Structure formats: C-alpha cells, structure tokens
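# Overview (structure and organization)
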Amino acid sequence: MKIVVGISGASGAALGLKLVRAIPSDMQKHLILSDHAQIVLEKEENLILHKNDEIWASVASGSYGADAMIITPCSMNTLAKIACGIADNLITRAASVMIKERRTLVLAPREIPFSPIALENMHKLSMMGVIIAPPVLAYYGDQEDLKSMENFMIGKWFDLLGIPNDLYKRWDDK
C-alpha cells in the first residue's frame, strides 16, 4: 500500500509526524511538508520525503497509484485551496489527484473554532467524497495521557485509510 501524508502549517505538525512513524514499515510512505512545516527529519525506512515545491514528484500523478492520502494537520489555507481546485504546490496537487482518481483523501483540520468559510469548504469537499476528520477525542477509550489520546486519533485515521491497527480501545458490548 502507498500512503501520502501532507503536513501543512506548523501547529500540530508533531502529531502528523507521529502518524507517519506509526504507519507500518511494510507500507510505502510519501511525506510532503509545507514550507512552514519543514523540520529536520531523519530518513526512515520506506519514507520518501518530498519538498512542497516538487510539483513533478511521483505523487503528483494519477498514474503513480497512491492508495490514500491524509493531510494532518491541514491548515485552513490548504483546505481552501483544495476545495477551490488550486494545485499550486505538491500537497494540493497530490490532494487534487486523489479527488480526481476517486481515492481516499482524509483532511484533519486542527484550527478551532471553524469559521463559516471553513465549514463551507469542508462541506464542499465532503460532498466530493473527501473525509473530514479533525483530531477529536472519544471518551470511551480510557485515554489517560497525551500519548493514548494521540494513539486514539491516529488509530481512527488509520481506520479511514484502511490501515489495520490496534492503537486504541474499540467500542464493544462490555
């Protein structure tokens, strides 16, 4: 499986990196960082780092065949560009490709409260099949610390991307 992860903005970028690190090592990972999210990363096994201005990268083509993409955190600027079809960098171009190819695209907007403009853009994208999944906690999972809260959110995102995981306690009949 090929997974594309975009990280836009700076606030919450650490959570996006935790998601990348949690993706199983047998999956090919493509990471796209916006200019504001650029941080020093060590190359990890099966991680391909793309600069956001590399519009010619493999993930910018539908024929490459990426299976799914998530942008976490997703800034309102990036969300608005995707909603309007603006593909002026690799993150927005790869997202545009996921939409046109009818492949899984998950956006995790982090900024709250959501403005009416942001909600309208989210609605528009949702109607196109894009999954809007902000980092929202549940209270049935017995999260007791920040790590377990992050694992819950990453596990939910993995569920949406079709990545098997046991990162959080699931609801059951007990």
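Just so you know, these numbers come straight off a predicted model, no measurement behind them.

Reading the values: the criteria
- Residues numbered from 1 in each chain as written.
- Predicted model: local features only at pLDDT ≥ 70, side-chain atom pairs only at ≥ 80, totals over all residues.
- Heavy atoms only, no water.
- Helix = DSSP H or I, 4+ residues; strand = E, 2+ residues; numbered from the N terminus.
- Buried < 20%, exposed > 50% of the residue type's maximum accessible area, 1.4 Å probe, protein only.
- Contact = heavy atoms within 4.5 Å.
- Areas by Shrake-Rupley, 256 points an atom, 1.4 Å probe, with all protein chains shown as cover.
- pLDDT = per-residue confidence, 0-100.
- Expected span 1.5 Å × (residues − 1).
- Axes fitted to C-alpha atoms, helices over the stretch in contact; angles between N-to-C directions.
- Parallel < 35°, antiparallel > 145°, perpendicular 65-115°, else oblique.
- Left-handed = near helix turned anticlockwise from the far one by under 90°.

What follows covers the overall build of the chain. Helix and strand content of the chain: 5 helices and 6 strands. In the chain, the order of α-helices and β-strands from amino to carboxyl end is β-α-β-β-β-α-α-β-α-β-α. Counting across all 174 residues of the chain, residues that qualify as buried make up 44%. Sequence-distant contacts, at least 24 apart, represent 67% of the contacts inside the chain between residues at least 6 apart. Counting every atom, the chain has about 9200 Å² of accessible surface; 54% of that belongs to carbon and sulfur.

A cis amide bond links T72 to the next residue, P73, at an omega of -5°. Looking at where P73 falls in the secondary structure, it is placed in strand 4 (residues 68-74). Here the amide bond leading from I112 into P113 is cis, since omega sits at -5°, within 30 degrees of zero. Among the structural elements, P113 can be located in the loop between strand 5 (104-109) and helix 4 (116-127). Here the phi dihedral of R102 falls at roughly 60°; this positive angle occurs in a residue that is not glycine. Classification of R102 as exposed rests on a relative accessible area of 72%.

Here the focus is the confidence of the model for the chain. When the pLDDT values of the chain are averaged, the result is 87; 89% of them are 70 or greater. Per-residue pLDDT stays below 50 along residues 39-45; that stretch engages in 10 contacts with residues further than four places along the chain or on separate chains.

The terminal C-alpha atoms of helix 5 (residues 146-161) lie 23 Å apart, and with 16 residues this matches the ideal 22 Å at 1.5 Å per residue to within 8%. All of the buried residues in helix 5 are E150, F152, M153, I154, G155, W157, F158 and L161. G162 lies just past helix 5 and shows a positive phi near 80°.

Turning our eyes to something else, we now look at the packing of helix 2 (residues 76-84) against helix 3 (residues 90-100). Where helix 2 meets helix 3, the axes come as close as 10 Å, and the angle between the chain directions of the two elements is 45°. By the angle between their axes, helix 2 is oblique relative to helix 3. When the axes of helix 2 and helix 3 are compared, the crossing they make is right-handed. Across the interface between the two elements, T78, K81 and I82 of helix 2 pack against I91, T92, A95 and I99 of helix 3.

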